[in-house]
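Overview (structure and organization)
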Amino acid sequence: MSKTAFLTDERTFWHTGGTHALFFPVGGWVQPPSASGYAESPESKRRLLALIQASGLGAQLDMRSTPAATDEDLLRIHPRAYLTHFKSLSDTTGGDIGDFAPFGKGSYEIAALSAGLALDAVDSVLDGRAARAFSLSRPPGHHCLRDRPMGFCLLANIPIAIEAARAKHRVERVAVVDWDVHHGNGTQSIYYDDPNTLTISLHQDRCFPPGYSGADERGAEHALGANINVPLQPGGGHDAYLYAFERIVLPALEQFRPELIVVASGLDASAVDPLARMLLHSESYRAMTQLVREAAERHCSGRLVIVHEGGYSEAYVPFCGHAIVETLAGIRTPVTDPMLDLAIAQQPSDCFKAFQRQLIDELAGQFNL
Ligand code: ZN
């Protein structure tokens, strides 16, 4: 049986967004930050990788890097004018040509490498080199539009990987499950009129893009029903996400019958994330990973790829990510989550859970699920 592939590269940790405190550019009243003040700093990802190595899990994975995505790969999604503009600034000064998506010198090549890691993860699963695969992609990708970067995302990693797979393999129907706490607006926009790509985003209602909710956006004319948004109330926790899986995500996958499932895995719905207000913990991510793994086994011979997206708590991202990779690989290590008891004690009250369940039931009805 093939191992689980884990795609990573130290160079992706060298991408910088310049000097920011959280995501505020320094200047005016914003004081320069301490060492890792930028929200999308490499440290949460580097510490996830370090925990995977320290626990012994890494030694049981097929851990490797891969070449960057090629121009041909990038051009399947992004117009040449965007790539040229991004590269010319990356070669000189860095800058920000979108919304909250700053980059430094050399970030173009690093973003292409990040996309390449996702691409190889999908390719490895489709050609049988790996049973399942995880890509520690940085910078992330799920907010990036075809012609404009957004929300720390410079290239659309998952769509680049899916279209490379479609060009090479006989794969048509792909489902993307996005549990990053922010809306997967980039992936949605790229596939909004594609009936062969089911995009499902679970996100904190009105968080990012600011004010966005999205349940009424169901796909364009040719793809009606192939785009599903599940806005969840701030403060939602384990029960809200698991109930949304039971009522919406799993039935939608059942109906769609994908040949491949890709997860856009942000860890920023955790209970201590600075950029959102949800209450997940490592056992929530373990449970969601188990559910998508079982769905992949039911629908598509187990073909499952998980691509890292957001997650900004340096101390806690490693524990949530470690639970995901353990579950993906079917390996349990002695690592315990030091936050777990506290996060369980802080879950919302029964009346909040009932309210959120009612909203999810209403959504499921709207989606005919
Ligand atoms: Zn996010």
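Scroll up to find the structure this text is about.
Residues numbered from 1 in each chain as written. Predicted model: local features only at pLDDT ≥ 70, side-chain atom pairs only at ≥ 80, totals over all residues. Heavy atoms only, no water.

Attention now moves to the pattern of salt bridges. Applying the stated criterion across every chain, the model contains 28 salt bridges. Among the ionic pairs, Arg357 bridges to Asp239, the shortest N-O distance being 2.9 Å. Of this pair, Arg357 sits in helix α11 (residues 350-366) while Asp239 sits in helix α7 (residues 238-256); the two residues are 118 residues apart in sequence, bridging distant segments of the chain. Linked by salt bridges that have partners in common, Asp62, Arg64, Asp120, Asp123, Asp127, Arg129 and Lys168 make up one network. (Salt bridge = Lys/Arg side-chain N within 4 Å of Asp/Glu carboxyl O. Helix = DSSP H or I, 4+ residues; strand = E, 2+ residues; numbered from the N terminus.)

On to the coordination of the zinc ion, then. At this site the zinc ion is bound by Asp180 (OD), Asp180 (OD), His182 (ND1) and Asp268 (OD), with donor distances of 2.0 to 2.7 Å. Along the chain, the residues that donate to the zinc ion are spaced as D-x1-H-x85-D. Looking at Asp180, the relative accessible area reads 1%, which means it is buried. (Donors = N, O, S within 2.8 Å, 3.2 Å for Na, K, Ca; no water. Buried < 20%, exposed > 50% of the residue type's maximum accessible area, 1.4 Å probe, protein only.)

Packed helices, taken two at a time, are described by their axes: the angle between them and the distance between them. At a closest axis distance of 8 Å, the pairing of helix α1 (residues 43-54) and helix α9 (residues 317-329) adopts a crossing angle of 50°. As the angle between them shows, α1 and α9 are arranged oblique. The chirality of how α1 crosses α9 is right-handed. In contact with Ser44, Arg47, Leu48, Leu51 and Ile52 of α1, α9 contributes Val317, Pro318, Phe319, Gly321, His322 and Val325. Looking at the contact of α1 with α9 residue by residue, the classes come out as 7 nonpolar, 3 polar and 1 charged. (Axes fitted to C-alpha atoms, helices over the stretch in contact; angles between N-to-C directions. Parallel < 35°, antiparallel > 145°, perpendicular 65-115°, else oblique. Left-handed = near helix turned anticlockwise from the far one by under 90°. Contact = heavy atoms within 4.5 Å. Nonpolar A, V, L, I, M, F, W, Y, C, P; charged D, E, K, R; others polar.)

Side chains that are nonpolar tend, in soluble globular proteins, to be buried together. In this structure, Val177, Trp179, Leu202, Tyr241, Phe245, Leu253 and Tyr285 are the most contacted members of the largest nonpolar core, which totals 63 residues. With 11 residues, the top contributor of residues to this core is α7. Beyond its immediate chain neighbours, meaning those up to four positions away, Trp179 contacts Leu202, Tyr241, Phe245, Val263, Ala264, Ser265, Gly266, Tyr285, Met288, Thr289, Val292 and Ile324. Counting residues in each nonpolar core, the second largest holds 45 residues, with Ala112, Cys144, Tyr191 and Ala264 among its members. (Core = buried A, V, L, I, M, F, W, Y, C linked by side-chain atoms within 4.5 Å.)

Here we take up the state of the cysteines. Evaluation of the coordinates by the stated rule reveals 0 disulfides. Between Cys144, a cysteine without a disulfide, and Cys153, which holds the nearest cysteine sulfur, the sulfur-to-sulfur distance is 6.8 Å. Residue Cys144 is classed as buried on the basis of its relative accessible area of 0%. Classification of Cys153 as buried rests on a relative accessible area of 0%. (Disulfide = S-S within 2.5 Å.)

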